[in-house]
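# Secondary and tertiary structure notes
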Amino acid sequence: MKIAVIGAGAIGCLVAGYLKEKGEEVSLVGRGLVVNAIKENGLAISGVRGTIKARVSISESLNYIPDLVILATKTQDIDSSLAGNAHLLQNSLLLTTQNGVQADDLVARYLPREKIISSIIMFGATYLEPGKVIHNFEGSWVIGSQFQKNPSKELINLSLALDKVFPAIIAEDIKGMKYLKIFVNANNCLPAIIGKSMQEVFSDLDISRISIAIWKEAFEIINRIGINLVSLPGFPVENLSRLTSMPSLDAAQVFSGLMKNLSKEPLYGSILQSIMRGRLSEIDYLNGEFVRLAEEHNMRAPLNKILVDMVHQVEKSNRFYSKDDLMNKVKELLNG
């Protein structure tokens, strides 16, 4: 199977490197600096599985017809990634990996729906510099279709291929899982606002209280709309309902304990990693999704709205907020 990984960030490089190591015919599509670095020095992966160096073919555009495309860009980059390549992909299977719930509909503008498979990444990686990534923690790769009810032969075959590098799980309700994954990722906004690692940020109980407040606000919106959340491997829905029903300080202590021990290496989260690379983040598809849903149903999500706006300000100014700045912005909502 010829596999093209479009997007040479943390997840794209990690997946391409591991697939190459397992003997798969894989190539990467990335941007100029990354392309040059990987052509010259190869792809270096360190972390929980040790260190590997992989020689992976890479270019700035797709120049062949792949059997499988793993789309590893951010949601906001889907249009630019597919616009020039779609003519080569009409008969390819395409796997989305983006956070949020919008990616599959965006891809469907370019490809037949029956060729689109959705996925949820439960493992973690950090982009260090072009061609170098850290694999922070292990996890499964959940796959399923938002457009077809029953697993296809292609979906089953895909699970067997992905299982070579990460445990692949076929989901019956991938969209319900994706909504729950937004909760998992929603706290990434806080390290992005402060400009520090997740371990540093969530060691602070005050900031961990904001995390619980993010979840409480969003959980109420999701429940009132009637969206069905489906448990993820390692993160059942009960974790969310339990923490949001606990006293805030107690919940913050539990949350802080979990987040401090996610990885031995500094973990920055997807939003801060984008900002550190001088790119726009996916905040509009994470906390911004809660804001969008609330507005669509005549509700409000004031805390998530403030945090979305703060991330956008960091993107524009390239200046991070202090903890005091953050607490002052949200204190009325925390104490209300």
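Look a little higher up for the structure.
What you are looking at is a predicted structure, and each value in this text was computed from that prediction instead of being measured. (Residues numbered from 1 in each chain as written. Predicted model: local features only at pLDDT ≥ 70, side-chain atom pairs only at ≥ 80, totals over all residues. Heavy atoms only, no water.)

### Some remarks on the sheet that holds strand β11 (residues 141–144)
One open sheet holds the 8 strands; their spatial order is β5-β2-β1-β6-β7-β8-β11-β12, and the pairing between them is mixed. The sheet is open, and its two borders are formed by β5 (57–59) and β12 (168–170), each paired with just one other strand. Direction aside, neighbouring strands of the sheet carry axes that sit 25° apart on average. Bridge analysis of strand β1 (residues 2–6) against strand β6 (residues 68–71) gives 4 bridges, and the strand direction is parallel. (Pairing = 2+ DSSP bridges. Helix = DSSP H or I, 4+ residues; strand = E, 2+ residues; numbered from the N terminus. Axes fitted to C-alpha atoms, helices over the stretch in contact; angles between N-to-C directions.)

### Section: unusual backbone geometry
Across the chain, the bulk of peptide bonds are trans and the bulk of non-glycine residues have phi less than zero. The backbone of N298 sits at a positive phi, close to 55°, despite the residue not being glycine. Take N298: it is sitting in the loop between α13 (287–296) and α14 (302–317). The exposure class of N298 is exposed, given its relative accessible area of 75%. Positive phi, close to 60°, is recorded for N318, a residue that is not glycine. With respect to the element layout, N318 can be found in the loop between α14 and α15 (323–335). (Buried < 20%, exposed > 50% of the residue type's maximum accessible area, 1.4 Å probe, protein only.)

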